[in-house]
Amino acid sequence: MTRPPLVVVLVAVLVLALGETGGAVMSRLRPQIERYAAARVAANPRAHGLAGSAEYDDEVRDRAVYAVEAGLSFFHTHGEGMGLVLFFAATLVASVVPGRRARGGLYALLTAGALFPLGYAVYAGAVLELGREAGIALAERWVLTALGSAAILGLAGLAVAIATARDRA
Amino acid sequence: MSRPIADRAGPTDPATAWRLPPRWVLLVAVLLIACAEVGGASMARFKVELTRWARSVALDRPAVHGLVGVRDVDERILDEMLVKFDAGLRLFHMHAEGMGLVILATTTVAATLVRAAGARRALILLLTAGGAGYPLGYLVWSWLIPYHGIERGKAIAEWLVWIPFGGAAIAALWGLAIVVAARVAGR
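Residues numbered from 1 in each chain as written. Chains lettered and ligands numbered in written order. Predicted model: local features only at pLDDT ≥ 70, side-chain atom pairs only at ≥ 80, totals over all residues. Heavy atoms only, no water.

Along its length, chain B carries six helices and zero strands. Along chain B, helices (α) and strands (β) appear in the sequence α-α-α-α-α-α when read from the amino end. Its C-alpha atoms give chain B a radius of gyration of 22 Å, more than 25% over the compact-globule value 16 Å for 187 residues. Principal axes of the C-alpha set define a box for chain B whose edges measure 70 × 45 × 25 Å. Taking contacts inside chain B between residues at least 6 apart in sequence as the whole, the part at least 24 apart equals 76%. (Helix = DSSP H or I, 4+ residues; strand = E, 2+ residues; numbered from the N terminus. Rg over C-alpha atoms; globule rule 2.2 N^0.38 Å. Contact = heavy atoms within 4.5 Å.)

If you want it as structure tokens, here you go:
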């Protein structure tokens, strides 16, 4: 099998390393992360719609902290997964796709798609600063949808290339 | 039967070809994936037996789990213990499948792109040992839960398996990233 360009390999390894490190940090520092998230919610009362009622505010804070933990957890799992997707898919592109431009386009789409997990880090941060609904909407609209679409287009392009590739003589 | 697709760069172009890691690494990765599959299947097939075993071991150790002899209270504690026991097995299944593939991908990168033989061997060893050992920590945790409780079981698994093996895998991955970055920079 042919190796893809070094930049693509580097992004795959970095995404894997970030995914693994994110999982370890989450596991070791869970109480600190929860405390930090709760403090940020308290520091942004308007964004989170805190009303001054302890019972209601506790529920809002718990939901926001849960969303932050979910974002970090998705960052970990998607980082591991998308690093591997980029590694194996880019190897297939390097091996079977003829034409420098077509390969370049597919590398660009797949590499952008591999950055998709970063959207979940944005998701976690945006929930804290903008509130749960607005933070999730921002991450989905501007990061997750764009990078996820790049991954899907890259994989679809690779599938077309494999389907139309010439057989070995 | 359809014929294989031709490799664009040709089958023996050494300048752009991936180099395979040593055979023992491939074996470890494949065995880890196989263990994950068997683990997932066993969890589903022997769910009742596993639950019965964990419950009976926990009931033999009431002090460890804080069982007080009141059915309503004890059942809640046992339910929580069984949820964590099951979660440990599921996490083993998922992590072993994932880390098997991570070992295959990262050791291939190391075998191909790390020029210094000593560094290459060290990275491959750390990636393989760390990647294969880490998921076993979830199995150890599950096994320890009925004997030592959720938190103490987690602490033992953490110091015995997750920190040394997970730490090795993470350190090796960042080491590999630095080597590849240096190659990109042309050094």
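This next bit is on empty space enclosed by the protein. Here the idea is plain: a probe the size of a water molecule rolls over the atoms and shows the empty space left. Residue and element names in this part refer to chain A. The final tally for this structure, using the stated rule, is two cavities of 30 Å³ or more. A volume near 50 Å³ is recorded for the largest cavity. Looking at the largest cavity, the residues that line it are Met 26, Arg 30, Ile 33, Glu 69 and Leu 72. Secondary-structure elements contributing two or more residues to the lining of the largest cavity are helix 2 (30-43) and helix 4 (54-96). For the lining of the largest cavity, the residue count by class is three nonpolar, no polar and two charged. (1 Å grid on protein atoms, 1.4 Å probe; cavity = no way out; pocket = protein on both sides within 12 Å on 5 of 7 lines; lining within 4 Å. Points joined across faces, edges and corners; volume = space filled by probe spheres on them. Nonpolar A, V, L, I, M, F, W, Y, C, P; charged D, E, K, R; others polar.)

This part takes up the side chain of Thr 112 of chain B. Among the secondary structure elements, Thr 112 of chain B is positioned in helix 4 (residues 71-113). Within polar-contact distance, the side chain of Thr 112 of chain B engages the backbone nitrogen of Arg 19 of chain B at 2.8 Å. Residues in contact with Thr 112 of chain B, not counting those within four places in the same chain, are Arg 3 of chain A together with Ala 17, Trp 18 and Arg 19 of chain B. (Polar contact = N/O pair within 3.5 Å; in protein donor to acceptor, adjacent residues only side chain to side chain.)

Judged by nonpolar contacts, the single largest core of 66 residues is most densely connected at Leu 86 of chain A together with Val 109 and Leu 176 of chain B. Sort the elements by how many residues they give to this core and helix 4 of chain B lands first, with 15 residues. If sequence neighbours within four positions are ignored, Leu 176 of chain B has contacts with Val 13 of chain A together with Thr 106, Val 109, Ala 110, Val 114, Leu 123 and Leu 127 of chain B. In terms of nonpolar packing, the next biggest core, distinct from the first, is built from 18 residues, Ala 64, Tyr 123, Ala 124 and Val 143 of chain A among them. (Core = buried A, V, L, I, M, F, W, Y, C linked by side-chain atoms within 4.5 Å. Buried < 20%, exposed > 50% of the residue type's maximum accessible area, 1.4 Å probe, protein only.)

Moving on, we get to the packing of aromatic side chains. Considering all chains together, one arrives at eleven aromatic pairs over all chains under this definition. A ring pair is formed by Phe 87 of chain A and Phe 88 of chain A, whose centres lie 5.0 Å apart and whose planes are at 85°; its orientation type is edge-to-face. By relative accessible area, Phe 87 of chain A is classed as buried at 8%. Between the aromatic rings of Phe 87 of chain A and Trp 18 of chain B, the centroid separation amounts to 5.0 Å while the plane-to-plane angle is 40°, which identifies the pairing as tilted. With Phe 87 of chain A in helix 4 and Trp 18 of chain B in the segment before helix 1 (23-45), this pair bridges two chains. Relative accessible area serves as the criterion here: at 14%, Trp 18 of chain B is assigned to the buried category. Through pairs of rings, three or more aromatic residues link up here, namely Phe 74, Phe 116, Tyr 120 and Tyr 123 of chain A. (Phe/Tyr/Trp six-rings, centres within 6.5 Å; stacked < 30°, edge-to-face > 60°.)

Residues and elements named next belong to chain B. Counting all residues, the mean pLDDT for chain B is 93, and 93% of those residues have values of 70 or more. The element-level mean pLDDT for chain B is lowest in helix 3 (residues 62-65), coming to 93, with helix 5 (residues 117-148) highest at 97. In the model output, the complex is listed with pTM 0.90 alongside ipTM 0.88. (pLDDT = per-residue confidence, 0-100.)

Our next topic: the side chain of Thr 91 of chain A. Checked against the element boundaries, Thr 91 of chain A lands in helix 4. Judged by its relative accessible area of 6%, Thr 91 of chain A is buried. A polar contact of 2.9 Å, which involves the side chain of Thr 91 of chain A, links it to the side chain of Trp 18 of chain B. Residues in contact with Thr 91 of chain A, not counting those within four places in the same chain, are Met 1, Thr 2, Pro 4 and Leu 86 of chain A together with Trp 18 of chain B.

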